[in-house]
Amino acid sequence: MKDSMIRGADIVVRSLIAEQAEIIFGYPGGAIMPVYDALYDYHEQIKHVLTRHEQGAIHAAQGYARVSGKVGVCLATSGPGATNLITGLADAQIDSTPLVCITGQVAAHLLGTDAFQETDVVGISMPGTKWNIQVRTVEEIAPAIAKGFYIARSGRPGPVLIDITKNAQVDFGSFNYVPCLGFRSYKTHQVIDQAVVSQAAKLINEAERPYLLFGQGITLGKAETELKFFLDKSGIPAACTLLGSGALSEDHPNFVGKLGMHGNYAPNLLTNQCDVLIAVGMRFDDRVTGDLKRYAKQAKVIHLELDAAEINKNVKAEVAIHGDCKESLSLLTEAVDKKTHEGWMGKFKELEKMEKEAVMQHDITPTKTGLTMGEVINQINQYKADDAVLVTDVGQHQMIAWRYFNYKKTRTQVTSGGLGTMGFALPAALGAQLYDYSRQVICVVGDGGIQMTIQELGTIMQTKAPVKIVLLNNNFLGMVRQWQQMFFDRRYSFTELDNPDFVKIADAYNIRSQKVTERTDLTEAIEDMLIHDGPFFLEVVVEKEDNVFPMIATGCSVEEVRLS
């Protein structure tokens, strides 16, 4: 793909088009201005969305990437523009989200002089990126972008940052784009050892109480069908992590619930009663394991994992199958016996009944006067589409929404898992919606988190993205307050919020809005929101001191999960 001499800025844009980037989220500034000038001539080939903050841009790119499975792209200028991306980069790194972020930089001859808006963004971003590079000449631009996209999307996905000096953007060079198909020292495919698969199958076939845990690796590896086939044949109960939600329909007979600090009772408790634990595409995060010294010590662990760094990092595996889970699950399915494990599955059902009586009944059909977060999500379930995307912020609402949202399709869960970034949801929902206007994107937020990126209502207004925003307002930083109640003698230190009139704010952005304070108005409001042709802001005032259970307190074992 050769052309006559063009500006480096045009090479940037043409490279993005060559990588089939559909949409860029960004915010202009001095050091990236040549690229924005070039974008003026390519608006029919690639769309740009002007967010209201660079953090909004990168979270929107994350939302787009998580729903589409493609690489999200964002642009920012140097200095504060670049540093405003850092939270999103760290978030994308720990949650394995493929991004290519391009930042402007001062001219090469000014590097190291403390020039206006000069910041060492490569040094700052290094721990939070899968790969980063500074480009100082026009000849380096296309190869860097090609390599960046390859690294971002291949193997275990992750974020890439490409910092381009201003002189490289304005200098002229030839455009000869060659997609990157690999390079020495970076191996993305692991040949699976059939002997190891046989060892794993032997353990599974001999097990009386086998148990499978799956994470986002199923979605990233496009192994949803392989997981279903394995469970159908093996009869093994399966539970998901927060980011694994949606990889298996919750209607599947082998699905037993959700893992983690605020997951379901049975999946947590019975982790310490299984005899074989099969972990697929998950990294044994501390929110899932609780106290590692007391985690599944009775079980022989089989770990199917693409990233070798995750194997034996937290939990030692009896058998580790290193490779793509789409391939390894298929091989394992061939090798295991067909079984049902009805007695073992019955234990999950017994404990599920206990949780329903102790927790779910209160959450979904409460006796309290005030509305609960659980009943709001339950009402949404009654009217949402099967492929509706749930985007959540971080806090109590996140855990409640995750617990009660009925996931039936893959890539319907978008949240900040590993980093726990407040302010994530609103821009991420925007990015998810702009990928596909036809799908329902339901953004559930708390009154604390939404105020961290509330300016992105302006981007929703400008793009007319039909995001459905549900604000669960308890006038508290709810999750912190819950901990203060349970572990700090109700010393509510700086967690109560005096909030603005959110409906007036939404109105100011020309977004249709409604506030619900009474149970009798909830169902109609949710119906109105979901059928509305455009963005909608629904504020629901909920109980101020409602807590999320079950719960595993920090430092406790999974078998110490509490129902109250």
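Predicted model only: the values in this text are computed from it and were never measured. (Residues numbered from 1 in each chain as written. Predicted model: local features only at pLDDT ≥ 70, side-chain atom pairs only at ≥ 80, totals over all residues. Heavy atoms only, no water.)

A. The UniProt feature "domain: Thiamine pyrophosphate enzyme TPP-binding" (unreviewed entry) in the protein, seen in detail. Those places that UniProt annotates as "domain: Thiamine pyrophosphate enzyme TPP-binding" (unreviewed entry) correspond, in this numbering, to residues 393-540. The distance from the first to the last C-alpha atom of residues 393-540 is 16 Å, and the span holds 36% helix and 16% strand. (UniProt positions renumbered as here; feature names shortened; annotations may be inferred. Helix = DSSP H or I, 4+ residues; strand = E, 2+ residues; numbered from the N terminus.)

B. Representation of the pairing of strand β19 (residues 512-516) in the model. As defined by bridge partners, β19 adjoins strand β20 (residues 536-541) across 5 bridges and the pair is classed as parallel. By the bridge assignment, Ser-513 is partnered in β20 with Phe-537. Of the crossover connections in this fold, the one passing from β19 over helix α22 (residues 522-531) to the parallel β20 is right-handed. (Pairing = 2+ DSSP bridges. Right-handed = clockwise from strand over helix to strand, strands pointing away.)

C. Inspection of the pairing of strand β7 (residues 159-165) at higher detail. The element β7 is extensively covered by neighbouring structure, given that 7 of its 7 residues are classed as buried. Side-chain alternation along β7 places Pro-159, Leu-161, Asp-163 and Thr-165 on one buried face and Val-160, Ile-162 and Ile-164 on a second face that is also buried. Bridge count for strand β5 (residues 99-105) against β7 is 7 bridges, and the pairing is parallel. From the neighbouring strand, Ile-102 faces β7, where its bridge partner is Ile-162. Alignment of strand β6 (residues 131-135) against β7, held across 5 bridges, turns out to be parallel. By the bridge assignment for β7, Gln-134 is matched with Asp-163. (Buried < 20%, exposed > 50% of the residue type's maximum accessible area, 1.4 Å probe, protein only.)

D. Region of the structure containing the packing of helix α15 (residues 342-364) against helix α17 (residues 396-404). It is the contact of α15 with α17, at a shortest axis distance of 12 Å, that shows an interaxial angle of 110°. It follows from the interaxial angle that α15 and α17 lie roughly perpendicular. In this structure, α15 meets α17 at a crossing whose hand is left-handed. Together, Glu-355, Val-359, Met-360, Asp-363 and Ile-364 of α15 and Ile-400, Arg-403 and Tyr-404 of α17 make up the contact between the two elements. (Axes fitted to C-alpha atoms, helices over the stretch in contact; angles between N-to-C directions. Parallel < 35°, antiparallel > 145°, perpendicular 65-115°, else oblique. Left-handed = near helix turned anticlockwise from the far one by under 90°. Contact = heavy atoms within 4.5 Å.)

E. Local environment of the state of the cysteines. Scanning the entire structure with this criterion turns up 0 disulfides. Cysteine Cys-74 shares no disulfide, and the gap to the nearest cysteine sulfur, in Cys-101, comes to 3.2 Å. Not engaged in a disulfide, the cysteine Cys-240 finds its nearest cysteine sulfur in Cys-325; these two sulfurs lie 15 Å apart. The class of Cys-240 is buried, set by a relative accessible area of 1%. (Disulfide = S-S within 2.5 Å.)

F. Main features of helix α20 (residues 478-487). Taken residue by residue, α20 has Gly-478, Met-479, Arg-481, Gln-482, Gln-484 and Gln-485 as its buried positions. Looking at the buried positions of α20, the neighbouring elements they touch are α17. Once α20 ends, the next one or two residues include Asp-489, with phi positive near 55°.

G. The pattern of salt bridges, seen in detail. Evaluated as defined, the whole model comprises 23 salt bridges. For Lys-70, the salt bridge is made with Glu-22, and the minimal N-O distance between the two is 2.9 Å. With a gap of 48 residues between them, Lys-70 in the loop between α3 (54-68) and β4 (72-76) and Glu-22 in the loop between α1 (8-18) and β2 (23-26) connect regions that are remote in the sequence. Judged by relative accessible area, which is 33%, Lys-70 ranks as partly exposed. (Salt bridge = Lys/Arg side-chain N within 4 Å of Asp/Glu carboxyl O.)

H. Representation of unusual backbone geometry. Backbone torsion omega between Phe-549 and Pro-550 reads 0°, so that peptide bond is classified as cis. Within the fold, Pro-550 resides in the segment after β20. A positive phi angle is found at Ser-96, which is not glycine, with a value near 55°. Within the secondary structure layout, Ser-96 lies in the loop between α5 (86-94) and β5. The class of Ser-96 is buried, set by a relative accessible area of 5%. A positive phi angle is found at Ser-185, which is not glycine, with a value near 85°. Looking at the element boundaries, Ser-185 is found in the loop between β8 (172-174) and α9 (194-206).

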